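# Structural description and commentary
Below, each chain spelled out in residue letters.
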Amino acid sequence: MSSSRAVDPWIRRSADPKLDRIMVTPEGVPLNVTIASAGARAGALLLDLVFIQIISTVIALLCQTLAFFFMAGGADFLDMDGPLGFVGIFYFIANFLLLNGYFIYFELGHRSATWGKRLVGIRVASRDGSRLTAEAIIARNIVRSVELFLPLTFLGSAGAGGTSVDLTTWAGFLWVLMFLLFPLFNKDRLRGGDVIAGTWVIQNVKKNLGDIVAPSAARISADGSPAAARYHFSDAELSVYGEYELQTLENVLRSDQEEALEKVATSIRQKIGWEPGSGDERAFLEAYYTALRARLERSMKFGKRRKDKFAPHE
Amino acid sequence: MSTDQALSAAVLRSDRFRLEREADWIRLEDIVSKMEKGKNRRLSDEDVLALPTLYRTLLSSLSIARENSLDAGLIDYLEGLSLRSYFLVYGTQSSFGRWFAGFFGGGWSRAVRAIQLDIWIALSVMIAGAVIGYILVAGDSDWFYALVPGGFSEVRVPGASEEALRGTLFGTEDSDGLGVFAAFLFSNNAQVAILAFALGFAFAIPSILLLIHNMALLGAMLWVFAQRGLTVDFVGWLSIHGTTELFAILLAGAAGIHVGRSIAFPGARSHLKAASDAGKRAALVMAGVIIMLVCAGLLEGFARQLIDNSAGRFGVGGGMLLLWLVYFIGFGRERQRPGA
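What you see is a predicted model; the values in this text were computed from it and never measured. (Residues numbered from 1 in each chain as written. Chains lettered and ligands numbered in written order. Predicted model: local features only at pLDDT ≥ 70, side-chain atom pairs only at ≥ 80, totals over all residues. Heavy atoms only, no water.)

### A closer look at helix α4 (residues 134-142) of chain A
- Here α4(A) lies mainly inside the structure; nine of its nine residues are buried.
- Every buried residue belonging to α4(A) is among Ala134(A), Glu135(A), Ala136(A), Ile137(A), Ile138(A), Ala139(A), Arg140(A), Asn141(A) and Ile142(A), and all of these are buried. (Buried < 20%, exposed > 50% of the residue type's maximum accessible area, 1.4 Å probe, protein only. Helix = DSSP H or I, 4+ residues; strand = E, 2+ residues; numbered from the N terminus.)

Okay, here's the thing in structure tokens:
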């Protein structure tokens, strides 16, 4: 699985290659995924806690307003069977659902991500590439009560206890801290809930389909021949570079910045021993790119790949 | 330049490959983007039906591109789109209603039966806890104050009179605010049950301790009432909701033990695989536990206060117990587990 062709070692996919993984779809095609970093996870969690806090404030305000109106309408404050009782019931149930249902509800959706995770750009996925089930979502979020709410309760009680905090409290606190910091101690950044549910959290990808890299190579120029035909590169002139350089050139062409084009054109001309500066840098680079890619792709068909300019010729 | 013209003019074979297929990719990307934004209703039936086909075509395009094209931007795009459409094709697709129907239609009872061994372990732990609580308090009534948190009960303490104790069991409590009380009890008990399950993650030991502690409290309370000859009435008072609530806590503890046991002794599977198998099974049980606790909260808040005699309470409590047992033991047997 890990020796798949999907990952070309010389292509850097993410900022931290240690987080790159392969997930095999049920069709057997390996897909590249990137684990969400611990920082992204923490950021998403903090955002979610803020959202939960906001919703809980809204619920409390709603209950107070309702209670106020009922009391203004003559309801007895102590009569818990009256409308005030329903406000009370609503309050307890709404808070329970908010604390336990928020994560489950959003992770069951199409994007498998809470609001916080969406903002950070991460999502939950099944570790083995199979379907992400409702059971898995429930399992990973039930464990959250131990990982998150228990440490928070401990912090709260430790703060309230002041100096009377005893040894057992601290021992307990360290113990629950272990759960909170669990993701830092494994390479897949799994928290306890992920271990139990068979899930992991990965980064979202959203790439746009760029244009053809070198469109001008095919364009018909004034004299009726393709523009690429203006330049002829010999085998020797094309064999100085490998795939890494081709990709660098692709990036330069895609970003289309005058300065970079000039610089790269100059250095390529120098390398292959051509006269410097013919004026149309872009046309030259596109022609060279097309010729180089055609050559490398041709040898690719025969299973020969050249990593970069330092790789030996076969 | 039209696609056909571009196609014939393209110099590179890998560019021609791309131009031939990009219309399908762009269509798929459009469908995926709409679905991700939750705008499913704006999709035509044709598009929804085309999704799996387009997805598989895309995967084959990706495989070909990886072997034949050196256009890194194109491969990046295909990788990203493949992942996004994979998540939609293999996402959490079942609607909540359908999941719920499957859950009640046998998923839950099958999950409960699957953790039978852990239920027996949890049951024996709970009985042991109650016996320990009873014996400790019987030996030295000071243990009561160690087991039962202060403020939990001012009246129900060792040495309280029969009248005072009987008063806590029958009648005198006014029936105001039963609904609020029920809601409060539910959210409180549910948090305890969730804790009992989640603590199973640490090799089940904390789950077992939690069960013992809660049941020791019950055993101590039982002793207080037994001293005044109110055992039967106390059990009746407890059973009306207790059969459901204790059953739910039993299942939550068993689910925790199940997970903890699988992590400690994974057998032939890897630790992670064993943990996630057990976790998914236990999560189903836990979803049911929450539902049972809603029932228990309603029974405790309303029925206990409204039914004021032991016989009636035993009737309701016993009836509930029978109901759960019949469901767990008998339901959903004939159907096979849906393909996981």
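Back to the text.
### Regarding the pattern of salt bridges
Residues and elements named next belong to chain A.
- One pass over the full model with this rule turns up 22 salt bridges over all chains.
- One salt bridge in this structure joins Arg-140 and Glu-107, with 2.9 Å as the shortest N-O distance. With Arg-140 in helix α4 and Glu-107 in helix α2 (residues 83-107), this residue pair connects regions lying 33 residues apart in the sequence. Across this residue pair, the class does not change: Arg-140 and Glu-107 are buried.
- Where Arg-144 meets Glu-107, a salt bridge forms, and the shortest distance between an N and an O atom there is 3.8 Å. Residue Arg-144 is located in helix α5 (residues 144-161), and its partner Glu-107 is located in helix α2; the two are separated by 37 residues in the primary sequence. Taken individually, Arg-144 and Glu-107 each receive the classification buried, so the pair is uniform in this respect. (Salt bridge = Lys/Arg side-chain N within 4 Å of Asp/Glu carboxyl O.)

### Details of the packing of helix α6 (residues 116-139) of chain B against helix α10 (residues 205-226) of chain B
Residues and elements named next belong to chain B.
- Where α6 contacts α10, the two axes come as close as 6 Å, and the packing angle between them is 45 degrees. For the element pair α6 / α10, the angle class is oblique. Here α6 and α10 pass one another in a crossing that is right-handed. On α10, the residues that touch Ala-122, Val-125, Met-126, Gly-129, Ala-130, Gly-133, Tyr-134, Val-137 and Ala-138 of α6 are Ile-208, Leu-211, Ile-212, Met-215, Ala-216, Gly-219, Ala-220, Leu-222, Trp-223 and Ala-226.
- Of the residues that constitute the contact of α6 with α10, the class distribution is 16 nonpolar, three polar and no charged. (Axes fitted to C-alpha atoms, helices over the stretch in contact; angles between N-to-C directions. Parallel < 35°, antiparallel > 145°, perpendicular 65-115°, else oblique. Left-handed = near helix turned anticlockwise from the far one by under 90°. Contact = heavy atoms within 4.5 Å. Nonpolar A, V, L, I, M, F, W, Y, C, P; charged D, E, K, R; others polar.)

### Comments concerning the nonpolar core
Residues and elements named next belong to chain B.
- With 132 residues, the main nonpolar core has Leu-251, Val-289 and Phe-328 as its most contacted residues.
- At 15 residues, helix α11 (residues 231-264) tops the list of elements feeding residues into this core.
- Aside from chain neighbours lying at most four places away, what touches Leu-251 is Val-112, Ile-115, Ile-119, Val-285, Val-289, Met-292 and Phe-328. (Core = buried A, V, L, I, M, F, W, Y, C linked by side-chain atoms within 4.5 Å.)

### Regarding the environment of Lys117(A)
Residue and element names in this part refer to chain A.
- Looking at where Lys-117 falls in the secondary structure, it is placed in helix α3 (residues 115-120).
- Classification of Lys-117 as buried rests on a relative accessible area of 5%.
- Taking C-alpha positions, Lys-117 is 9.5 Å from Glu-107, a pair spaced ten residues apart along the chain.
- Leave out the neighbours within four places in its chain, and Lys-117 touches Ala-44, Asp-48, Glu-107, Ile-122, Val-124, Arg-140, Arg-144 and Val-201.

### A word on the packing of aromatic side chains
- This model, assessed by the stated rule, comprises 25 aromatic pairs over all chains.
- Residues Phe103(B) and Trp108(B) carry aromatic rings whose centres are separated by 5.4 Å and whose planes lie at 5 degrees to one another, so their mutual orientation is stacked.
- The ring of Phe87(B) carries the charged tip of Arg123(A) above its face, separated from the ring centre by 3.7 Å. (Phe/Tyr/Trp six-rings, centres within 6.5 Å; stacked < 30°, edge-to-face > 60°. Lys NZ or Arg CZ within 6 Å of the ring centre and 35° of its normal.)

### Side note on the confidence of the model for chain B
Residue and element names in this part refer to chain B.
- Summarising the model, chain B shows a mean pLDDT of 80, and 86% of its residues fall at 70 or more.
- Element-level pLDDT for chain B is lowest in helix α1 (residues 3-9), with a mean of 58, against a maximum mean of 89 in α6.
- In the model output, the complex is listed with pTM 0.78 alongside ipTM 0.80. (pLDDT = per-residue confidence, 0-100.)

### Considerations on the confidence of the model for chain A
Residue and element names in this part refer to chain A.
- Averaged over all residues, the pLDDT of chain A is 78; the fraction at 70 or higher stands at 79%.
- At the level of individual helices and strands, chain A shows its lowest average pLDDT in α5, which scores 67, and its highest in α3, which scores 93.
- The model gives residues 1-10 a pLDDT under 50, and that stretch makes 18 contacts with residues more than four places away or in other chains.

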